[in-house]
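Here are the chains, one letter per residue:
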Amino acid sequence: MFAFLIRRLFQALVVMFVISIISFSIQDNLGDPLREMLGQSVSEEQRQAMRDEMGLNDPFLTQYGRFLGKAVQGDLGTSYFFKEPALDVILKKLPATLELVFGATLIIIVFSVPLGIYSAINPQSIFSKIIMGVSTIGISVPVFLTAIGLIYVFAIELGWMPAFGRGETFQITENLDTALLTADGLHHLILPSFTLASIMLPLFIRLIRSEMMEVLQSEYIKFAWAKGISPWRVYFLHAFKNTMLPVITVGGVQIGTMVAYTILTETVFQWPGMGFLFLEAVNRVDTPLIVAYLIVVGAIFVVTNTLVDLIYGFVNPTVKLTGK
Amino acid sequence: MPLLEVNNLEVCFGLRQGSVTALRDISFQLERGERLGIVGESGAGKSVLGFSIINLISRPGFINKGEVLFEGKNLAALKNKEMRTIRGNRIAMIFQDPMMTLNPVLTIGDQMVECLRAHRKISKQDARVISLQKLKQVYIPSPDTRLDQYPHELSGGMRQRIVIAIGLLLDPDLIIADEPTTALDVTIQAEIMELMVELCERNNVALILITHDLGVVSEVTQRTIVMYAGRVIEEGPTKEIINDAQHPYTQGLINALPQMALPGQRLNQIRGTMPGLNDLPSGCAFSPRCDYVLPACHEAIPALTKSGGCNVACHLVTEQNNLSEVNE
Ligand SMILES: Nc1ncnc2c1ncn2[C@@H]1O[C@H](COP(=O)(O)OP(=O)(O)OP(=O)(O)O)[C@@H](O)[C@H]1O
Ligand SMILES: [Mg+2]
């Protein structure tokens, strides 16, 4: 277990190292940060002086070495636009994004588990066929369309939901607030969460259904029936526990991917999270912020994968968490 | 009243291309404590028969006709809920591959206790005590540590012992064992078979032993049913069937036994293969492979008729019997 965590920590460092190289190498192709900062009216000499001062004219390796030296001390540079440490700017927006991911994950679990199990147990029923049909459509509709559709129906036509923003938040510390603790915040969270969930939900229903159908064919399920135990126990203990194993593995990766989808959702709903900030940073060519965002997202990936492996090891007795 | 009486059982599978009949007109009886062997080639319908006795044929299969009387009660017509009180309780089933029969994510103890508690109102503690006792009966080494282990921590032979122990948990009247040793090491096969016979004898449990292996059948069972393409083609006391098989198919099976071949000689396999259920020949299903075909064999399906101490479904046998009757 200890060896496992050490190994994961090491992996995390490698992943983040690679991300930093990649994001650092593409920054030259993003555009000129000075134009955004200074506007058009500044003379070429002034620009060059500025570039020298900021170290933007140094060779790539020098720049990268300087970046890395500071990065290991937790300093990912200063945002050109906010004039604040890039990491701080990102982390301040992290709660909003995590709220969204949390809301969507909750929706996915609450809907996909019962619907997936139901349609696996009763594959021929009309309701199962409806579930499958709707989920096929769900997969093929792009996120922004879902968002616009939801906003149109629930915010504009029915007026039940706010169309954008995060609403009132609860201030936990100076830098940490959450929409999960106010009624207004939760109200604002509903539509964006459903939008974010809409991509993964159909996938999860199908995944759970197909895994469960396979498990139900297995010998140990037949044996469970032959023991005369209740259907409830066969389905929800014997079959479901085995169904969960592959679902956890795939699901963990998908939840990581969801962080990427937050960019779209946050933009459509003006949700003030990291993704929204990232898009703004790209527009402003705020390189340190872009790099910081990518590194934080990388870290989230590594953390979710580690959690997934821990849960998997917990559910599956044949797996021992080792350093190998 | 016999313990089990199967009458004219017919089982079909509803497939997209139309339904196929996997079992036709199966009838036999089993007394309390009796051991019955069911033999036949792969695909003959042995497993389907085993599962249909406990009314557990997986979709799209269903019992189309006939009855399965267990202590006089027709299991084929029972509601699921009532059927559950019989499965695992009065009739236990043991499967072929112990590597696949136990749920990998539940402990041995969980899988034993749940079975007991499904049929008896007892506490978890009491259920564990009974489970432990049954593990001792199947001679599991250090039984008390096993309850908290997972299947993957045990060898194949040990797992099959546990499956047998689960079968014995509620002191059933009948155990259906579907090739219980096929997946095991040759050295362990005999051990497990011996164990099953011992336990059945001691507790007066009836056994239906499904197998390919006529050798095992001759050692273990008192009566034998030979199946071919979903039908019973010969049935009678095991001794008579082994020593004096009448149906050409049964004779073929016996001649194919390794013990029957002379050293250095090839095994005497029956030529050809068993036809699929949806392209059965007209008349006797074995006729295309039979060395003794008569014109009648292509026309009518032979009925199971008494011949000596056995029942045989073969035109040749019937004809010979008629001749000898005329001669007398
Ligand atoms: N789920 C199913 N769907 C369709 N047909 C089936 C199904 N299960 C069994 N059958 C049919 O029933 C026939 C008998 O199968 P069964 O498993 O009883 O054979 P068996 O005698 O047990 O063979 P083996 O020795 O290989 O275990 C098969 O040939 C197949 O055509
Ligand atoms: Mg079989």
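Residue positions are counted from 1 within each chain, in the order its sequence is given. Just so you know, chain letters begin at A and ligand numbers begin at 1, following the order they were written in. Since the coordinates come from a predicted model, pLDDT governs what is reported: local features require at least 70, and pairs of side-chain atoms require 80 or more to be given and counted, while whole-chain, interface and lining totals use all residues. Note that the side-chain values use all heavy atoms of the structure and ignore hydrogens as well as water.

- An unreviewed UniProt entry lists chain B under the name ABC-type dipeptide transporter, with Leucothrix arctica given as the organism.
- UniProt positions are given in the numbering used here, feature names are shortened, and annotations may be inferred rather than shown by experiment. Under the heading Subcellular location (unreviewed entry), UniProt records this for chain B: "Cell inner membrane".

- Looking at an unreviewed UniProt entry, one finds chain A named ABC transporter permease and attributed to Leucothrix arctica.
- Word for word, the UniProt comment on chain A under Sequence similarities (unreviewed entry) is "Belongs to the binding-protein-dependent transport system permease family."
- UniProt lists a comment for chain A under the heading Subcellular location (unreviewed entry), and it reads "Cell membrane".

## Here we look at the overall build of chain A
Part 1 of the argument: Strands here mean DSSP runs of E at least two residues long; helices mean DSSP runs of H or I at least four residues long; both are numbered from the N terminus. From N to C terminus, chain A includes twelve helices and two strands.
Part 2 of the argument: In chain A, the succession of α and β elements from N to C terminus is α-α-α-α-α-α-α-β-β-α-α-α-α-α.
Part 3 of the argument: Overall size of chain A, expressed as C-alpha extent along the three principal axes, is 85 × 55 × 35 Å.
Part 4 of the argument: Throughout, exposure labels follow a simple rule: accessible area from a 1.4 Å probe, protein chains only, divided by the maximum for the residue type, with under 20% read as buried, over 50% as exposed, and the rest as partly exposed. The proportion of buried residues among the 324 residues of chain A is 44%.
Part 5 of the argument: Note on definitions: a residue-residue contact is assigned when non-hydrogen atoms from the two residues lie within 4.5 Å. A sequence separation of at least 24 residues applies to 69% of the contacts in chain A between residues at least 6 apart.
Part 6 of the argument: Each accessible area is a Shrake-Rupley result for a 1.4 Å probe, and residues are judged covered by the shown protein chains and nothing else. Carbon and sulfur atoms form 68% of the exposed surface of chain A, whose accessible area is close to 16500 Å².
Part 7 of the argument: Positive and negative side-chain charges of chain A, numbering 21 and 24 respectively, have mean locations separated by a distance of 15 Å. The charged-residue count follows a simple rule in which Lys and Arg add positive charge and Asp and Glu add negative charge, with His and chain termini not counted at all. Each charge is placed at NZ for Lys, CZ for Arg, CG for Asp and CD for Glu.

## Side note on the site of ligand 1
Residue and element names in this part refer to chain B.
Part 1 of the argument: The nearness test applies per residue and asks whether one of its heavy atoms lies within 4 Å of the molecule or strand. Around ligand 1, a shell composed of 14 residues is seen, among which Ser42, Gly43, Lys46, Ser47 and His212 lie nearest.
Part 2 of the argument: The term polar contact refers here to a pair of N or O atoms within 3.5 Å; inside protein, the definition further demands a hydrogen-donor-capable atom paired with an acceptor-capable atom, and it admits residues adjacent in sequence only when both atoms are side-chain atoms. Contact between ligand 1 and Ser42: an oxygen atom at 2.4 Å from a side-chain N or O atom of the residue.
Part 3 of the argument: Take Ser47: an N or O atom from its side chain is 2.7 Å from an oxygen atom of ligand 1.
Part 4 of the argument: For ligand 1, the accessible surface in isolation is 640 Å², of which the surrounding protein chains cover 68%.
Part 5 of the argument: For the shell around ligand 1, the leading source of residues is helix 1 (residues 46–53), giving three residues.
Part 6 of the argument: Residue classes in the shell around ligand 1 are distributed as six nonpolar, five polar and three charged. Here the nonpolar group is Ala, Val, Leu, Ile, Met, Phe, Trp, Tyr, Cys and Pro; Asp, Glu, Lys and Arg are the charged ones; every other residue, Gly included, is treated as polar.

## A few points about the sheet that holds strand 2 (residues 18–30) of chain B
Residue and element names in this part refer to chain B.
Part 1 of the argument: When DSSP finds at least two bridges between two strands, those strands are taken to pair. The four strands lie next to each other as 2-1-4-5, forming an open sheet whose pairing is antiparallel. Each edge of the open sheet is held by one strand with a lone partner, namely strand 2 and strand 5 (73–74).
Part 2 of the argument: Where helices are involved, their axes are fitted lines through C-alpha atoms of the stretch in contact, as for all axes, and angles between N-to-C directions lie from 0 to 180°. On top of the sheet, helix 1 reaches strand 1 (4–15), strand 2 and strand 4 (61–70); it is set at about 70° to strand 2, its chief contact.

## Describing the nonpolar core
Part 1 of the argument: We define the nonpolar core as a collection of buried residues of types Ala, Val, Leu, Ile, Met, Phe, Trp, Tyr and Cys that are connected through side-chain atoms lying within 4.5 Å of one another. Counting residues in each nonpolar core, the largest one holds 177 residues, and the members touching the most others are Leu4, Phe28, Leu174 and Ile208 of chain B.
Part 2 of the argument: A per-element tally of this core places helix 5 (residues 86–121) of chain A first, with 14 residues.
Part 3 of the argument: Once you skip the residues sitting within four places of it in the chain, Leu174 of chain B turns out to touch Leu3, Leu4, Leu30, Phe70, Arg90, Ile91, Ala92, Val205, Ala206, Leu207 and Ile208 of chain B.
Part 4 of the argument: Ranked by size, the runner-up nonpolar core spans seven residues in total, among them Ala147, Ala155, Met161 and Leu191 of chain A.

## Examining empty space enclosed by the protein
Part 1 of the argument: A cavity here means a set of 1 Å grid points, computed over protein atoms only, where a 1.4 Å probe fits but cannot escape. A pocket is an open set with protein on both sides within 12 Å along at least 5 of 7 lines, and lining residues have an atom within 4 Å of a point. Grid points are joined across faces, edges and corners, and a volume is the space filled by probe spheres set on the points. Tallied over the entire structure, the rule returns three cavities of 30 Å³ or more.
Part 2 of the argument: Put simply, the largest cavity is a space of about 70 Å³.
Part 3 of the argument: As for the largest cavity, its lining consists of His247, Pro248, Cys284, Phe286, Ser287, Cys290, Tyr292, Cys297, Pro302, Cys314, His315 and Leu316 of chain B.
Part 4 of the argument: Here the residues of the lining of the largest cavity sort into nine nonpolar, three polar and no charged.
Part 5 of the argument: In this model, the second largest cavity occupies a volume close to 50 Å³.
Part 6 of the argument: In this structure, the second largest cavity is lined by Phe223, Ala226 and Lys227 of chain A together with Gly88, Ala92, Met93, Cys115, Ile166 and Gly167 of chain B.
Part 7 of the argument: For the lining of the second largest cavity, the elements supplying multiple residues, two or more each, are helix 9 (219–226) of chain A together with strand 6 (91–94) and helix 7 (156–168) of chain B.
Part 8 of the argument: Here the residues of the lining of the second largest cavity are counted per class, giving six nonpolar, two polar and one charged.

## A word on the sheet that holds strand 3 (residues 35–39) of chain B
Residue and element names in this part refer to chain B.
Part 1 of the argument: Spatial strand order, 6-7-8-3-9-10-12-11: eight strands in an open sheet with mixed pairing. The strands lining the two open edges of the sheet, one partner per strand, are strand 6 and strand 11 (305–307). Within this sheet the neighbouring strands show an average axis-to-axis angle of 20°, counted without direction.
Part 2 of the argument: In this sheet, strand 10 (residues 231–237) lies alongside strand 9 (residues 223–228) in antiparallel orientation, the contact comprising six bridges. Its bridge partner being in strand 10, Tyr228 is matched across the sheet by Arg231.

## Quick notes on the confidence of the model for chain B
Part 1 of the argument: Scored by pLDDT, chain B comes out at a mean of 91, with 99% of its residues at no less than 70.
Part 2 of the argument: For this predicted complex, the interface score ipTM comes out at 0.91, while the overall pTM is 0.85. Scored between 0 and 100, pLDDT is the confidence that the predictor attaches to each residue.

## Some remarks on the UniProt feature "domain: ABC transmembrane type-1" (unreviewed entry) in chain A
Part 1 of the argument: UniProt's feature table lists "domain: ABC transmembrane type-1" (unreviewed entry) at residues 94–312 of chain A, given in the numbering used throughout.
Part 2 of the argument: Its end C-alpha atoms 26 Å apart, residues 94–312 of chain A is made of 79% helix and 2% strand.

## Concerning the confidence of the model for chain A
Part 1 of the argument: Taken over all residues, the pLDDT of chain A has a mean of 84, while the share at 70 or more is 94%.
Part 2 of the argument: For chain A, helix 2 (residues 33–38) of chain A is the element with the lowest average pLDDT, namely 68, and helix 9 of chain A is the one with the highest, namely 95.

## Focus on the interface of chain A and chain B
Accessible area lost upon the coming together of the parts serves often as the stated size of an interface.
Part 1 of the argument: Taken together, the contact pairs 22 residues of chain A with 26 residues of chain B.
Part 2 of the argument: Defined here as a combined quantity, buried area equals the accessible surface (1.4 Å probe) lost by two parts on assembly, summed across both. Approximately 2200 Å² of surface area, both sides summed, lies buried where chain A meets chain B, with 64% of it carried by carbon and sulfur atoms.
Part 3 of the argument: The residue Arg233 of chain A makes a salt bridge to Glu114 of chain B at a minimum N-O spacing of 2.6 Å.
Part 4 of the argument: Linking chain A with chain B are eleven residue pairs in polar contact (both at pLDDT 80 or more).
Part 5 of the argument: Top contributing element to the side of chain A that touches chain B by residue count: helix 10 (residues 231–268) of chain A, with seven residues.
Part 6 of the argument: Considering only residue class, the side of chain A that touches chain B consists of twelve nonpolar, five polar and five charged. Only one rule defines a salt bridge in this text: a Lys or Arg side-chain nitrogen within 4 Å of an Asp or Glu carboxyl oxygen.

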